[in-house]
Amino acid sequence: DLYGDKFLDQFAGTYEISNPSWQVPMGEWGIRTVLLPPDAPLASALRLTPSWKEVYADSQAVIFSKTNHQANE
């Protein structure tokens, strides 16, 4: 309830890649670094997105950083 239903719906749509515009909220929120479980749907999508670089990974977590590359955003 702290963030409201709209925010939680956008978050879920981005994390699960269930919204075709899943990258839009990340841009609106100014997110430049993401920490996720390695098997998260968003982690799989970011691995395929040229504007995001995997900067760390182990069996528990993966970290992505936003690059300046704008293709396919």
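This structure is a prediction, so every number in the text was calculated from the model and none was measured. (Residues numbered from 1 in each chain as written. Predicted model: local features only at pLDDT ≥ 70, side-chain atom pairs only at ≥ 80, totals over all residues. Heavy atoms only, no water.)

Engineer: I tried to follow the sheet that holds strand E1 (residues 33-36) on my own but got confused; where do I start?
Structural biologist: Pairing between the strands of a sheet comes from backbone hydrogen bonds, and it takes one of two forms, parallel or antiparallel. As summarised here, the arrangement of the three strands in space is E1-E3-E2, forming an open sheet in which the pairing is antiparallel. The open sheet terminates on both sides in strands that have one partner only, identified here as E1 and strand E2 (52-57). Recorded for the sheet is a direction-independent mean angle of 25 degrees between the axes of neighbouring strands. Here four bridges tie E1 to strand E3 (residues 62-66), and the two strands are oriented antiparallel to one another. Residue pairing across strands places Leu36 opposite Val62, the latter belonging to E3. (Pairing = 2+ DSSP bridges. Helix = DSSP H or I, 4+ residues; strand = E, 2+ residues; numbered from the N terminus. Axes fitted to C-alpha atoms, helices over the stretch in contact; angles between N-to-C directions.)

Engineer: How do you make sense of the nonpolar core when you look at a structure like this?
Structural biologist: As a rule of thumb, soluble globular proteins bury nonpolar side chains together. By size, the foremost hydrophobic cluster in this structure holds twelve residues: Trp22, Met26, Val34, Leu36, Ala40, Leu42, Ala43, Ala45, Leu46, Trp52, Val62 and Phe64. Where this core is concerned, the elements lending two or more residues are E1, helix H3 (41-47) and E3. Counting residues per element, this core draws most heavily on H3, which supplies four residues. Apart from residues no more than four positions distant in its own chain, Ala45 is found in contact with Ile17 and Trp22. (Core = buried A, V, L, I, M, F, W, Y, C linked by side-chain atoms within 4.5 Å. Buried < 20%, exposed > 50% of the residue type's maximum accessible area, 1.4 Å probe, protein only. Contact = heavy atoms within 4.5 Å.)

That's the geometry; what it means functionally is another story.
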